[in-house]
Structure formats: structure tokens, C-alpha cells
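Residues per chain, in single letters:
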Amino acid sequence: MPPPERIPPRGLTDAERMTLLGKGELTVLGQVRGASNAVLYCSVAYEGEQTHCVYKPVAGEQPLWDFPDGTLAQREVAAYEVSEATGWGLVPPTVLRDGPYGQGMCQLWIEAAPRDEDEPGLLALVEDEEPAEGWKAVALAEVGEGKTALLVHADDPRLRRLAVLDAVINNGDRKGGHLLPAPDGRLYGIDHGVTFNAEDKLRTLLWGWAGEPLPAEAVEVLDRLAGELEAGAALVTRLGELITAAEIEALRARVAGLRSTGLHREPSGGWPAIPWPPV
């Protein structure tokens, strides 16, 4: 079964970008402020090609009690591997490599498309009790002075793909700021350090399809992904270098669960469903 159609990237292919990210010389240009872990903005150059990237050294990670195994950097790379296995290309090219501050995650820098004020965007707060056409309701949000507003996201097939991917990788932190619409029309998700936990940790702003039937495209992707997660498969070998055997087994179980129900995930009730802060 062929993978779903993807929008072709501009310039270098993703494979060429992976080579550039993995073998190129990293030069730190600055630090992305406001992150809980070290996030460095870099240039990377190799054999006459150059681009910009994010470098997150393991040495700059804050320990998390509920993610005692492996590193956030490894989980970021694992998220890329699973994204590529879906054929949707939702995570920018990402590698694990040595850099100026030791081993870390290196990911292609995505320059988000400028926001057109006349366009509605992907997320919004509205005063209405029900979402307008083309929008999906997430939850009521407090906006101060005892007032609430309805948090909604666009009924966008790119977001829907990302909602499925998040359910598969058990993303514990899908915030609005982690959604990057690129100028070429692709939508990327970033910041996947808190993923793949063996326990249910799904926290996301993309609950608008909760309980609804999965689209046929997603069912096909999950069927194919189940095969790629069988013991001895190349994807499993790569993931085995990044996450634990228990986490791989839990990944298989999540895919099986989605295939069994044929429905988008719903909040479990045992874990806050929406990340904080949501942006």
C-alpha cells in the first residue's frame, strides 16, 4: 500500500537534509529563550550546503521524574522516525549527533509562514457556545474576570493527521506553539521530548475529533504502521536504540487500540487532557 501523498519540500530533499544535519559542522548562533531545556539556534554546513537548525544538547535537559529512561533528545528522534513511517512527514528532519556541547538532538529549523491577519489561523478563542463551521471545539477556557471562552481549532486535515500521530507516540505536550505552518503549505509539529511513555500521558489541544471515526487515510496508515512495528522490522531496530522495549510494546498497543476502535482518542480522565500553558 503506497504512503499518502506528501507535499514535496523545496530545495534539498529530506534525505539530503538528514545528511547535512548529521554530518555538517554546527555553529551556535544563539539560544531560544523561554524553553525549559537548552535550545540552541545553529547553522550547519556540509560540502557546500548550509541551513539552520535547532540543537538540543542532552547536557541541557532537566530531569523528569516520569521519564527516567533515555533522554528527551532520543525521544525527539523517535518521534521523527514514527512520523516518517506514517508517510505524513509531520516532524522536521531530526538526527541524534554530537555537537559543541555533547550529544543532542539536531532538527531542521522551520521558519513559520507569516500570519495573514485576514486568515483565521489554526487555534482560536471564541465567545460562542458552539464552534462555527470549519472549527472543532476543544474545551472552555478561563480568560480572566470570571469569564470563559470556547477554545477551538481548525477542522484541518493536517491537524487531524497530527492528532493521530500524537495518539500513537503518546505526546504529553502538544501546545499551540508547537504547530508550525510552513510557507510551502506543510504543517510541522515540534518539541517531542515528552513522548513514548509506557503510561498514558496524552495531553493536547487537538481534541476536536475525540470519539469520531478515524478517516480512511488514517486507518490505512495505522495498518501499515502495525506491520512496521513487528519484531525484527527496521523501524523497531531504529527505535530500539532510542526508547525502551517496554515503550516500544506500549507503542504497538496504542496502534492496535486505534485500529481496534477505529476512533480518535478521547481523554482518559486519569491525566490532565490539555497542556499548561496551552501555548
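In what follows, the structure referred to is the one given above.
These figures come from a predicted structure and were not determined experimentally.

S.K.: Can you walk me through the overall build of the protein chain in this structure?
M.R.: Check the secondary structure of the protein chain and you find six helices and ten strands. Relative to a compact globule of 279 residues, whose C-alpha radius of gyration would be 19 Å, the protein chain shows 19 Å and is just as compact. Projected onto its principal axes, the C-alpha coordinates of the protein chain cover approximately 55 × 45 × 40 Å. Among the 279 residues that make up the protein chain, the fraction classed as buried is 46%. For the protein chain, the share of sequence-separated contacts (at least 6 apart) that also reach a separation of at least 24 residues comes to 66%. With an accessible surface of roughly 13,900 Å², the protein chain has 52% of that area assigned to carbon and sulfur atoms. Here the protein chain carries 25 positive and 43 negative side-chain charges, and the mean point of each set is 3 Å from the other.

S.K.: Sorry, what's going on with the packing of helix H3 (residues 157-169) against helix H4 (residues 216-228) here?
M.R.: Two measures define how a pair of helices packs: the angle their axes make with one another and the distance between the axes. Where H3 contacts H4, the two axes come as close as 11 Å, and the packing angle between them is 30°. What the angle tells us is that H3 and H4 run roughly parallel. Two packed elements cross with a definite hand, and for H3 against H4 that hand is right-handed. Counting all contacts with H3, which are made through Arg161, Val164 and Val168, the residues of H4 involved are Glu217, Ala218, Leu222 and Leu225.

Conventions used here
- Residues numbered from 1 in each chain as written.
- Predicted model: local features only at pLDDT ≥ 70, side-chain atom pairs only at ≥ 80, totals over all residues.
- Heavy atoms only, no water.
- Helix = DSSP H or I, 4+ residues; strand = E, 2+ residues; numbered from the N terminus.
- Rg over C-alpha atoms; globule rule 2.2 N^0.38 Å.
- Buried < 20%, exposed > 50% of the residue type's maximum accessible area, 1.4 Å probe, protein only.
- Contact = heavy atoms within 4.5 Å.
- Areas by Shrake-Rupley, 256 points an atom, 1.4 Å probe, with all protein chains shown as cover.
- Lys, Arg positive; Asp, Glu negative; His and termini not counted.
- Charge placed at Lys NZ, Arg CZ, Asp CG, Glu CD.
- Axes fitted to C-alpha atoms, helices over the stretch in contact; angles between N-to-C directions.
- Parallel < 35°, antiparallel > 145°, perpendicular 65-115°, else oblique.
- Left-handed = near helix turned anticlockwise from the far one by under 90°.

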